[in-house]
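Topology and contacts: notes
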Amino acid sequence: MLTGKKIVISGVTGKAVEPIARALASDNEVYGVARFADRRDRDRISAAGITPCATDFETGDFSNVPKDPDFILHFAWMRAGLDELDKAIAVNVVGAGLLLQHCASAKAALVASSMGVYSAHDDPHHKFKESDAVGRASSAYAATSPVTKLGLEAVSRFCARAFNLPVTIARLNTVLGPVTAYHGHLCRNVMNGVETVLPGNPNLHSPIHTDDMIAQIEPLLEAATIPALTVNWCGDDTVSSQDSLDQIGVAYGRPARYRSETKDGVPQGNAADSAFRRSITGPCKTSFAEGFTTLIDEIGIGERP
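Below, the structure is looked at part by part. Everything numeric here is computed off the predicted structure, so don't read it as measured data. What you see as residue numbers is a count from 1 along each chain, following the sequence as written. Under the rules for a predicted model, residues below a pLDDT of 70 receive no local features and side-chain atom pairs below 80 are neither given nor counted, while totals for whole chains, interfaces and linings still include all residues. To get the side-chain values, all heavy atoms of the structure are used, and hydrogens and water are removed first.

1. Some points on the sheet that holds strand β6 (residues 167-172)
- Pairs of strands are assigned from DSSP output, requiring at least two bridges between the strands. Helix and strand definitions follow DSSP, with helices as H or I runs of at least four residues and strands as E runs of at least two, each counted in order from the N terminus. With respect to topology, seven strands assemble into an open sheet ordered β3-β2-β1-β4-β5-β6-β11, the strand pairing being parallel. Each end of this open sheet is capped by a strand with a single partner; those strands are β3 (51-54) and β11 (229-233). Averaged over all pairs of adjacent strands, the angle between their axes in this sheet comes to 20°, without regard to strand direction.
- Judged from the five bridges that link them, β6 and β11 form a sheet pairing that is parallel. Across the sheet, threonine 168 pairs through a bridge with leucine 229, a residue of β11.
- Here a residue-residue contact requires only that any non-hydrogen atoms of the pair lie within 4.5 Å. The convention used is that axes are lines fitted to C-alpha atoms, helices contributing only their stretch in contact, and that angles between N-to-C directions extend from 0 to 180 degrees. Helix α1 (residues 17-25) contacts β1 (6-10), β2 (29-34) and β4 (71-74) of the sheet and is inclined by roughly 170° relative to β1.

2. Section: helix α5 (residues 182-191)
- In this scheme, a residue with accessible area under 20% of its type's maximum is buried, one over 50% is exposed, and one in between is partly exposed, where area comes from a 1.4 Å probe on protein chains only. Burial within α5 is extensive, with eight of its ten residues counted as buried.
- Taken as a whole, α5 has its buried residues at Tyr182, His183, Gly184, Leu186, Cys187, Arg188, Val190 and Met191.
- The inward-facing, buried residues of α5 contact β7 (175-176), β8 (196-198), β9 (204-205), α7 (241-252) and α9 (288-303).
- Immediately downstream of α5, the backbone of glycine 193 shows phi near 70°, a positive value.

3. Here's the deal with the packing of α5 against α7
- Running from N to C, α5 and α7 cross one another at 50°; their axes reach a closest spacing of 9 Å. As the angle between them shows, α5 and α7 are arranged oblique. Where α5 crosses over α7, the handedness of that crossing is right-handed. Counted together, Tyr182, His183, Leu186, Cys187, Val190 and Met191 of α5 and Ser241, Ser244, Leu245, Ile248, Gly249 and Tyr252 of α7 form the full contact between these two elements.
- Charged means Asp, Glu, Lys or Arg here, nonpolar means Ala, Val, Leu, Ile, Met, Phe, Trp, Tyr, Cys or Pro, and polar covers whatever is left, Gly included. Grouping the amino acids of the contact of α5 with α7 by side-chain chemistry returns eight nonpolar, four polar and no charged. Working definition: roughly parallel below 35 degrees, roughly antiparallel above 145 degrees, roughly perpendicular at 65 to 115 degrees, and oblique for all remaining angles. Crossings are assigned a handedness: left-handed for a near helix turned anticlockwise from the far helix by less than a right angle, right-handed for a clockwise turn.

Here it is in structure tokens:
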């Protein structure tokens, strides 16, 4: 773990990002960047020992953000439909570039992209590698995400070379751990008798637990290069949503209802080849089985009627 460093983390109120910021704040000077439209978010972040920095990525005003951090962790993201594409580009692409420019004196930056940049593959079992084709995918969940994630990667590569800033672009897979993340939604669907519609059969993921994300921050920053380095940020286990739903159903004693609905251009799965990431970080320490069982129990105890 990093210690004694000055770290700027954008998107700090995000479900996967806040646990990272909290862990780093125990031994570092952490500045959390977000809109903080809700006062409760600011109060919660402050109570965790993180300095809140209210910003607007759309206008590019980063006057509240320190210009001299040791490291930048960029997670901020706006999900939007195609009717808000211009705003999504302003926030997710231009805004990200302006933040990297603002903090260009940093030793390195970790930029969170997404596995959603990969083009759809005919084989639902295919594990995407960093060298696979990108740019022709649609999204089943957020229409502007694939194109603006690619824009984010492009502007990050530019910033690395223009500002002499070492950058790691981490294509994030499904996050495991937070009760509000993907597998938490699957748990609630089963609990409430809601049918889950999946984009493929099987619908594969390579989830990474937030504990492993925290542990891998430092080696991913150490691996940052000019030109920017690109790596799949995923777990070492690949699992299907269908199997996960069945396991939830057994745990809760309720039938899991789901069906597959494939669409042209939408990847059927999110499976990733983790070999390159393992060469940087070593193996993950939290298996999917361990993290998933804990999540099922946590939601079952806290939310089950």
